[in-house]
Amino acid sequence: MKGPESNIPLLYAIVSICWAIPIYWLLHRPKSTIPAIPGSNGLISSYMAALRFFQHSTEIISAGYSQDRNGIFRFPRLSRWEYVANGRDRVLEVASAPSHILSLDEPIWDKFQFGYTVGPEFQNNSYHLDVVRGALTRNLGRCFPRVRDEIVHAFNDVIGVRDTEWKLIQMYPASLQIVARTTNRLYVDLPVCREPGYLQLCIDFTSVVFLRGKTIGLFPKFLRPIFGPLISRRKSTLRQALKFLGPLIYERLDQENQHGREWAGRPNDLISWLLDAAEDNERTAPALAMRVLATNAVAIHTTSMALTNALFDLAAYPDHISPMREEAERVVATQGWTKAALGNMHKIDSFLRESLRLNTGPVVMTRKVIAKDGFKFSEGTTIPYGALISVPSAPTHHDPANYDHPDMFDGFRFSRMREERQRLVDSEGTGIFTQHMVTTSPEHVMFGHGHHACPGRFFAATELKAMMAHILINYDVKPETDVRPPELCLGENVMPNPRGKVWIRKRE
Ligand code: HEM
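Residues numbered from 1 in each chain as written. Predicted model: local features only at pLDDT ≥ 70, side-chain atom pairs only at ≥ 80, totals over all residues. Heavy atoms only, no water.

Going by this rule: UniProt positions are given in the numbering used here, feature names are shortened, and annotations may be inferred rather than shown by experiment.
Named according to an unreviewed UniProt entry, the protein is Cytochrome P450 originating from Mycena albidolilacea. Checking UniProt for the protein, the heading Cofactor (unreviewed entry) contains the comment "heme".

**Focus: unusual backbone geometry**
The cut-off we apply is this: Strands here are runs of E lasting at least two residues and helices are runs of H or I lasting at least four, both read from the DSSP assignment and numbered beginning at the N terminus.
In this structure, the amide linkage connecting Leu190 to the following residue, Pro191, adopts the cis form with an omega of 0°. Locating Pro191 in the fold gives a position in the loop between helix 9 (171-187) and helix 10 (196-217). Residues other than glycine seldom take positive phi values, yet Asp189 does so here, at roughly 65°. Along the polypeptide, Asp189 turns up in the loop between helix 9 and helix 10. Of note, the phi angle at His405 is positive, near 40°, even though the residue is not glycine.

**Considerations on the sheet that holds strand 3 (residues 102-103)**
Rule in force here: Pairs of strands are assigned from DSSP output, requiring at least two bridges between the strands. Throughout, a contact is declared for two residues whenever any of their heavy atoms are within 4.5 Å. Axis lines are fitted to C-alpha atoms, over the contacting stretch for helices. Their N-to-C directions set the angle, which ranges from 0 to 180 degrees.
If you trace the 5 strands from one edge of the open sheet to the other, you get 1-2-8-5-3, paired in mixed fashion. For this open sheet the edge positions go to strand 1 (72-76) and strand 3, each flanked by a neighbour on one side alone. Looking at chain direction, strand 1 and strand 2 (residues 81-85) are connected through 5 bridges and run antiparallel. Bridged to Phe75 within strand 2 is Glu82. Relative to the sheet, helix 3 (residues 43-67) contacts strand 1, strand 2, strand 5 (363-369) and strand 8 (388-392), its axis offset from that of strand 1 by approximately 165°. Of the strands in this sheet, strand 3, strand 5 and strand 8 touch helix 5 (residues 105-112), which is tilted by about 95° from strand 5.

**Re the pairing of strand 5**
This is how it is decided: Working definition: with a 1.4 Å probe on protein chains only, accessible area under 20% of the residue-type maximum means buried, over 50% means exposed, and in between means partly exposed.
Burial analysis of strand 5 places 6 of its 7 residues in the buried class, the great majority of the element. Summarising the sheet, strand 3 and strand 5 pair through 2 bridges and their orientation is antiparallel. The residue bridging Ser103 from the neighbouring strand is Lys368, located in strand 5. Across 4 bridges, the pairing between strand 5 and strand 8 is antiparallel. Counterpart to Arg367 in the pairing with strand 8 is Ile389.

**Considering the nonpolar core**
Note the threshold: In this description, a nonpolar core means a group of buried Ala, Val, Leu, Ile, Met, Phe, Trp, Tyr and Cys residues linked to one another through side-chain atoms lying within 4.5 Å.
One finds Leu186, Tyr198, Leu314, Ile348, Met468 and Ile504 to be the most contacted residues of the largest nonpolar core, which totals 96 residues. The leading source of residues in this core is helix 14 (residues 285-316), at 16 residues. Those residues in contact with Tyr198 that sit more than four places away from it in its chain are Asn184, Val188, Val192, Phe244, Leu245, Val292 and Asn296. Membership of the second largest hydrophobic core comes to 19 residues, among which are Val364, Ala387, Ile389 and Val445.

**Structural notes on the site of the ligand**
Definition in use: Residue proximity to a molecule or strand is established when one non-hydrogen atom of the residue lies within 4 Å of it. Nitrogen and oxygen atoms within 3.5 Å of one another constitute a polar contact, given that in protein one can donate a hydrogen and the other can accept it, and given that sequence-neighbouring residues count only through two side-chain atoms.
Around the ligand sit 22 residues, and of these Leu104, Arg133, Arg367, His452 and Cys454 come closest. Contacts to the ligand include Arg133, whose side-chain N or O atom sits 3.1 Å from an oxygen atom. For the shell around the ligand, the secondary-structure elements that each account for two or more residues are helix 7 (127-138), helix 14, strand 5 and helix 20 (457-474). Element by element, the count of residues in the shell around the ligand is highest for helix 14, at 5 residues.

**Let's talk about the coordination of the iron atom of the ligand**
Short version of the rule: Counted as donors are the N, O and S atoms within 2.8 Å of the metal, or 3.2 Å for Na, K and Ca, while water is not among the atoms, so some sites may look incomplete.
Protein coordination of the iron atom of the ligand rests on one atom only, Cys454 (SG), at 2.3 Å. Looking at the element boundaries, Cys454 is found in the loop between helix 19 (413-428) and helix 20.

**Observations regarding helix 10**
Just so we agree on the cut-off: Multiply 1.5 Å by the residue count of a helix minus one, and that product is the helix's expected span. Consider a residue and the seven residues that end there alongside the seven that start there; fitting an axis to each set, the bend is the angle between those axes.
Taking 1.5 Å of rise per residue, 22 residues should cover 32 Å, and helix 10 covers 31 Å from first to last C-alpha, within 8% of that figure. Where helix 10 bends most, the angle comes to about 35°, and this point is Asp204. For helix 10, every residue scored as buried is listed here: Tyr198, Leu199, Leu201, Cys202, Ile203, Phe205, Val209, Arg212, Gly213, Thr215, Ile216 and Gly217.

**Notes on the pairing of strand 1**
When you tally the buried positions in strand 1, you get 5 out of 5 residues, the bulk of the element. Going residue by residue along strand 1, you find Ile72, Arg74 and Pro76 tucked away on one face and Phe73 and Phe75 tucked away on the opposite face as well. A loop of 4 residues connects strand 1 with strand 2, the two strands running antiparallel in sequence.

Following this line, the structure appears as structure tokens:
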């Protein structure tokens, strides 16, 4: 029997057609003075460019960037024009704009219909983001032993090479499993972090929110209260989550009711950190379980894509393997497996930063203008109320003004800069190195920049560096073919090829 999901594409198609009329109207609106990307000003050409964006978004945004690398441009989507602000000064203006003028939440809230998919309580209360920014990041060093332990077990179980035979691994699905397990070892610890049903729920949650939220968003507002709850299936997701997390959370709530926050053996994990910050209605098992799912949603796919890309790069540029392996073995031999030791793996840090630089989508830091008068840049251009504005990611990272040989993968470009900086410090006593994997800047926007810069990047970097060091010390890696698996483009989302494979074997 067909499930309700099988009707979603049909529903999607019908409602999309209903949008044709407003699209027609929108594309006939008086023209803006802000330049459009080349060849997209006419009715047909703008529509064609909007369609082309689904598969060629990076080319389209790069064409806009090339017109004026310090300018602002617009590009057409099916139902509206969107804006992109190029260059250091404008990126800084977007990054520092207050939330009542440029909102990060509103476009995400609209796009994924969070009111239905995760719950209305998320709108005015995103305390789990503060938990990521605060307790989770602060506790990374203390919790590192269990993160490290899970990396070892997850690689053994998921990669599954026991002898020195080469095995061809489909990297993205393997990364999802490894990252979901490692992340949940920190979040909810053993045994739940190894429950296959729970892991799948966490992995699927992001795509469920994405697909169902987008489908609900296609309905006119007045129909969403009817179709939203049906399509989102939030309640059944929550029921499933509670099957795994319920006993853990009820036990924790019980202990807190009896002893308050301080009791012997209180686990140092996400549930405790959430309980330290949660107020009133948030202190229930369903509310806490939804926050755990949401904190998984921001972490799993992003980190898995980064791990997949890093392995594709390791296989494609094998001259990096030996220096990084030597570094990992030396650091671990002298300092052991600690978070502080990872801080001394400069080549691995550099390699991952380079991999993030070159494997990025066309735009990042998307904001909605919510000030009624629009958003005015200091040079005078105004972005209208209700419009979306982003900053360019791939074009910024490929700009020769920002990087020497910007299209070349040079895994040690940042560790060389670090060494040069260190020489300056030693000889002149001046200079601070500002190109760590987690450092954001207007020239490296993979984690965004400014007050919304990814708060999970310290955890992501810890996981990724520990995983890379583990791979280098324990495994050999080689490419499946001479061609690096091509990335997959779905509009503004660009991801590593989910079918891409690499050969892996245990080292002798
Ligand atoms: C390599 C992995 C990751 C990448 C590339 C990444 C990238 C990003 C980017 C580009 C943003 C948007 C910044 C903006 O719009 O200004 C963001 C936001 C965010 N990320 Fe990450 N992220 C990663 C891993 C994680 C992890 C592991 C967590 C959680 C532990 C996390 C939690 C968040 C949260 C909560 C936000 C929203 C911040 C806010 O609303 O102010 N991310 N991330």
